[in-house]
Structure formats: structure tokens, C-alpha cells
Amino acid sequence: MREAFPCTACGACCRSLDGSPLLAALDRGDGVCRHLDEETNLCRIYDERPEICRVEDMHRHFADRFSWPEYVALNLRACAELHTRVY
Ligand code: SF4
Ligand code: SF4
């Protein structure tokens, strides 16, 4: 079975919505998602969050180009960049 994506729930991605039209509907206006609980860094609509927020589900759109380990590695690199930028 495929391993889960090792998300640390740092919240950096949910605070970096500016710059992507795909995420504009979630942006409360300053790049932070309107559904992010800023106290806990957790998503308030986790079970109903859109597909674009579901890193494991999104792999199906890239599976022809990246294996799961490659996709995880690419996303973790993005996580590290976002974490540096936000915090
Ligand atoms: S930036 Fe990466 S590690 Fe942090 S919450 Fe988002 S997916 Fe998880
Ligand atoms: S809907 Fe939830 S998971 Fe998606 S960006 Fe907003 S807080 Fe993050």
C-alpha cells in the first residue's frame, strides 16, 4: 500500500494562496485561506476541503508523469519553500 503524504500540518500552504487563480475562491484576501484555523493551523472544513487541497487525491492528475515517491518528493520541496517563505 502507498504511504501517506508526510504532512506536518504546518499550515504554510494554506497561508500561500496568493498567486494561483485555482485557489482564489479560498483566499480571504491576504493569501490566507478563509477556512484555516489560525490558532491550530488546521483546516476547518477538512472533510469537505476541495480536491486541490488533497495532495494524495491530486496525484491522479500527475500519475502519468510522476510516480508516487517522485510526486511526494516534489511536493515536500514545495512545502519546504513555502515554510521558509511564510515563517
Ligand atoms: S506546507 Fe506541506 S507540510 Fe505544511 S501543511 Fe501544507 S502540505 Fe502539510
Ligand atoms: S480549504 Fe483547508 S486545506 Fe484547503 S487551503 Fe483552506 S484551510 Fe487549507
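In every chain, residue numbers begin from 1 and rise along the written sequence. Each chain gets a letter, beginning with A, and each ligand a number, beginning with 1, in the order they are written. Thresholds applied to this predicted model are a pLDDT of at least 70 for local features of residues and 80 or more for the giving and counting of side-chain atom pairs; totals over whole chains, interfaces and linings are not thresholded and use all residues.

## Notes on the overall build of the protein chain
By the criteria applied, helices consist of DSSP H or I runs no shorter than four residues and strands consist of E runs no shorter than two, each listed in order from the N terminus. Summing up its helical and strand segments, the protein chain has 2 helices and 2 strands in all. Mapped from its N terminus to its C terminus, the protein chain presents α and β elements in the order β-β-α-α. All radius of gyration figures rest on C-alpha atoms, and the globule criterion is 2.2 Å times the number of residues raised to 0.38. Taking 2.2 N^0.38 as the reference for a compact globule, 87 residues should give roughly 12 Å; the C-alpha atoms of the protein chain span a radius of gyration of 13 Å, in line with that estimate. Overall, the protein chain is about 35 × 25 × 25 Å in size when its C-alpha atoms are taken along their principal axes. Per-residue burial for the protein chain yields a buried fraction of 9% across its 87 residues. Within the protein chain, counting contacts between residues at least 6 apart in sequence, those at least 24 apart form 44% of the total. Comment: burial labels come from other C-beta atoms within 10 Å of the residue's own C-beta, placed from the backbone, where a count of 20 or more is buried, 12 or fewer is exposed, and between is partly exposed. The contact rule is simple: place each C-beta atom from the backbone, and if two of them lie within 7 Å, those residues are in contact.

## Some details on the site of ligand 1
Any residue whose backbone-placed C-beta atom lies within 6 Å of a molecule or strand is treated as near that molecule or strand. As a structural note, the neighbourhood of ligand 1 is formed by C7, T8, A9, C10, G11, A12, C13, V55, C79 and L82. Nonpolar residues are Ala, Val, Leu, Ile, Met, Phe, Trp, Tyr, Cys and Pro. Charged residues are Asp, Glu, Lys and Arg, and all others, Gly as well, are polar. Looking at the shell around ligand 1 residue by residue, the classes come out as 8 nonpolar, 2 polar and no charged.

## Concerning the site of ligand 2
All residues adjacent to ligand 2 are C14, L26, C33, H35, L36, C43, I45, R49 and C53. For the shell around ligand 2, a count of residues per class yields 7 nonpolar, 1 polar and 1 charged.

## With respect to the environment of C7
Here C7 is to be found in the segment before β1 (36–37). C-alpha separation for the pair C7 and E39, spaced 32 residues apart in sequence, amounts to 18 Å.

## Considering unusual backbone geometry
Positive phi values are uncommon outside glycine, yet A9 reaches one of about 55 degrees. Assignment of secondary structure puts A9 in the segment before β1. For A9, a count of 10 C-beta atoms within 10 Å corresponds to the exposed category.

## Concerning the environment of V72
Here V72 lies in helix α2 (residues 68–86). Residue classification places V72 among the partly exposed residues on the basis of 19 C-beta atoms within 10 Å. Between the alpha carbons of V72 and P6 there is a distance of 8.3 Å; along the sequence they are 66 residues apart.

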